[in-house]
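# Observations on the model geometry
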Amino acid sequence: MKLLITGGAGFIGSHIADHYHAKSHEVFVLDNLASGHRENIPFIDEDHFFEVDVCDTEKVTDIIKLHQFDVVIHLAAVVSVVDTVNQPVKSNKVNIDATLNLLETNREHNPQLKKFVFASSAAVYGNNPQLPKTTQSIVQPESPYAVQKYAGEQYTKMYHHLYDLPTTALRFFNIYGPKQDPNSQYSGVISIMKRKFDNDETFTFFGDGEQTRDFVYVKDLVNAIALVVENSETNGEVLNVGTGNQTSLKDIFSAFESSYQKTVDYQFEPARKGDVKHSVADVTPLKEIGYEPQYTINTGLEEYLNS
Ligand code: UD2
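Residues numbered from 1 in each chain as written. Predicted model: local features only at pLDDT ≥ 70, side-chain atom pairs only at ≥ 80, totals over all residues. Heavy atoms only, no water.

## Description of the site of the ligand
In the region of the ligand, 18 residues are neighbours, and V189, T204, F206, R213 and D275 sit closest. The separation between an oxygen atom of the ligand and a polar side-chain atom of N174 is 3.0 Å. Elements with a contribution of two residues or more to the shell around the ligand: α6 (189-199) and β8 (203-206). Ranked by residue count, the leading element in the shell around the ligand is β8, at 4 residues. Residues of the shell around the ligand, tallied by class, amount to 9 nonpolar, 6 polar and 3 charged. (Near = heavy atom within 4 Å. Polar contact = N/O pair within 3.5 Å; in protein donor to acceptor, adjacent residues only side chain to side chain. Helix = DSSP H or I, 4+ residues; strand = E, 2+ residues; numbered from the N terminus. Nonpolar A, V, L, I, M, F, W, Y, C, P; charged D, E, K, R; others polar.)

If you want it as structure tokens, here you go:
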């Protein structure tokens with residue numbers, strides 16, 4: 001298969017690229033390296049790497065026209081909630097306009113397309129307290145990021161219903177694993193905790209540490225995507241990608257202590273504004289197409305912390 005992964009030099013994209021490259025598929029990556037890193041994908045040669053902004057409609061269209069990809073996995077985005085709060089208009093261009101353009105370009109110029117996957121987010125649920133979160137749950141976007149992801153997934157879905165494009169949107173829950181960037185205070189909490197344990201620094205719990213998340217090891221996410229890519233029954237669907245299990249931050253901290261055989265100092269600060277107390281995905285629809293997470297939080301952390 002010939003695949004295009006937008007945002008393929010990022011944390012998640014590079015794992016997807018690795019998966020398909022290792023299976024001898026022809027993988028192309030499009031990334032402007034704003035938050036991705038070329039070093040994440042050393043196995044992708046220059047002929048398969050486009051250092052292009054996903055907003056550059058002309059270049060993106062030329063690439064699609066020329067290569068006629070079987071599969072497009074669209075991850076390129078402003079991924080930081082805070083960046084979208086600071087730059088709502090600019091991030092709207094990347095997260096909504098570029099998504100719409102990519103869909104449209106594929107509709108117009110790529111008749112052989114077998115699957116278009118869009119990365120949405122559990123952020124669309126906002127503070128809706130209903131658990132587990134199902135795709136039937138009410139959405140309550142509370143940031144430009146969440147609004148933009150919701151718009152992107154709805155366009156993605158609509159392109160199937162209106163134009164028969166083979167699309168699927170996936171709402172990612174809390175993904176963690178190697179190559180996740182811990183450098184912002186809004187990076188994934190597990191990557192932050194790892195850095196604190198590596199450097200013997202103080203970890204800060206925002207809130208009481210009892211908050212829970214559905215943490216997904218990145219390799220389980222890759223497997224979920226691979227299943228969706230092969231499954232035409234998911235066309236026009238929006239699916240959660242979680243594990244169906246929730247783990248508290250305190251339990252994650254204890255798992256780190258066991259793995260590192262030491263502890264680090266910790267402190268408590270008030271919960272972040274808009275923070276969700278509990279989050280867990282209903283993954284029944286994904287399981288119906290054969291998904292079964294291969295990693296528990298303990299085995300995922302073990303692999304991550306020893307990588
Ligand atoms: C996730 C997404 C975010 C958005 C949001 C929507 C990630 C990395 N972030 O945020 O983009 O989609 O879901 O709901 O997937 N925490 C600490 N100490 C720290 C860092 C975090 O206590 O140093 C807490 C944080 O306040 C939260 C929990 O850990 O209660 C998880 O934080 P996160 O930023 O990893 O993920 P989340 O679910 O808030």
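## Considering helix α8 (residues 249-260)
Because an α-helix packs 3.6 residues into every turn, residues spaced three or four apart end up facing the same way. Along its 12 residues, α8 runs 16 Å from first to last C-alpha, staying within 8% of the 16 Å computed at 1.5 Å per residue. The inward-facing, buried residues of α8 abut α6, β8, β10 (215-217), β12 (247-248), β13 (266-269) and α10 (297-305). Positive phi appears at Q261, one or two residues downstream of α8, with a value of about 55°. (Expected span 1.5 Å × (residues − 1). Contact = heavy atoms within 4.5 Å.)

## Things to note about the packing of α8 against α10
Packing of α8 against α10 leaves a shortest axis separation of 11 Å and a crossing angle of 50°. Looking at the two axes, α8 sits oblique to α10. As α8 runs across α10, the sense of the crossing is right-handed. Side by side, α8 and α10 meet where I252, A255, F256, S259 and Y260 of the first sit next to I297, N298, L301 and L305 of the second. Of the residues that constitute the contact of α8 with α10, the class distribution is 7 nonpolar, 2 polar and no charged. (Axes fitted to C-alpha atoms, helices over the stretch in contact; angles between N-to-C directions. Parallel < 35°, antiparallel > 145°, perpendicular 65-115°, else oblique. Left-handed = near helix turned anticlockwise from the far one by under 90°.)

## Some thoughts on the domain arrangement of the protein
As far as domains go, the protein holds domain 1 (2-174 + 216-241) and domain 2 (177-214 + 244-282 + 296-306). Taking only C-alpha atoms, the centre of domain 1 and the centre of domain 2 are 26 Å apart. If you look at the interface, domain 1 gives 20 residues, while domain 2 gives 20 residues. Roughly 1,700 Å² of surface becomes buried between domain 1 and domain 2 when both sides are summed, with 55% attributable to carbon and sulfur atoms. Together, F11, L131 and Y217 form the three largest contributors to the area buried by domain 1 at its contact with domain 2, with a combined 32%. Here domain 1 and domain 2 share 1 salt bridge between them. (Domains from an automatic or database assignment. Buried area = accessible area lost by both parts, 1.4 Å probe. Salt bridge = Lys/Arg side-chain N within 4 Å of Asp/Glu carboxyl O.)

## Quick word on the pairing of strand β6 (residues 167-172)
Judged by how many residues are buried, β6 sits mostly within the fold: 6 of 6 residues are covered. Where strand β5 (residues 115-121) and β6 come together, 6 bridges link them in parallel fashion. Within the sheet, the bridge partner assigned to V117 lies in β6 and is T168. Handedness of the β5-helix α5 (residues 144-163)-β6 crossover: right-handed. Strand direction decides the pairing type here: β6 and strand β11 (residues 237-241), joined by 5 bridges, are parallel. Paired with A169 across the strands is V238, a residue of β11. (Buried < 20%, exposed > 50% of the residue type's maximum accessible area, 1.4 Å probe, protein only. Pairing = 2+ DSSP bridges. Right-handed = clockwise from strand over helix to strand, strands pointing away.)

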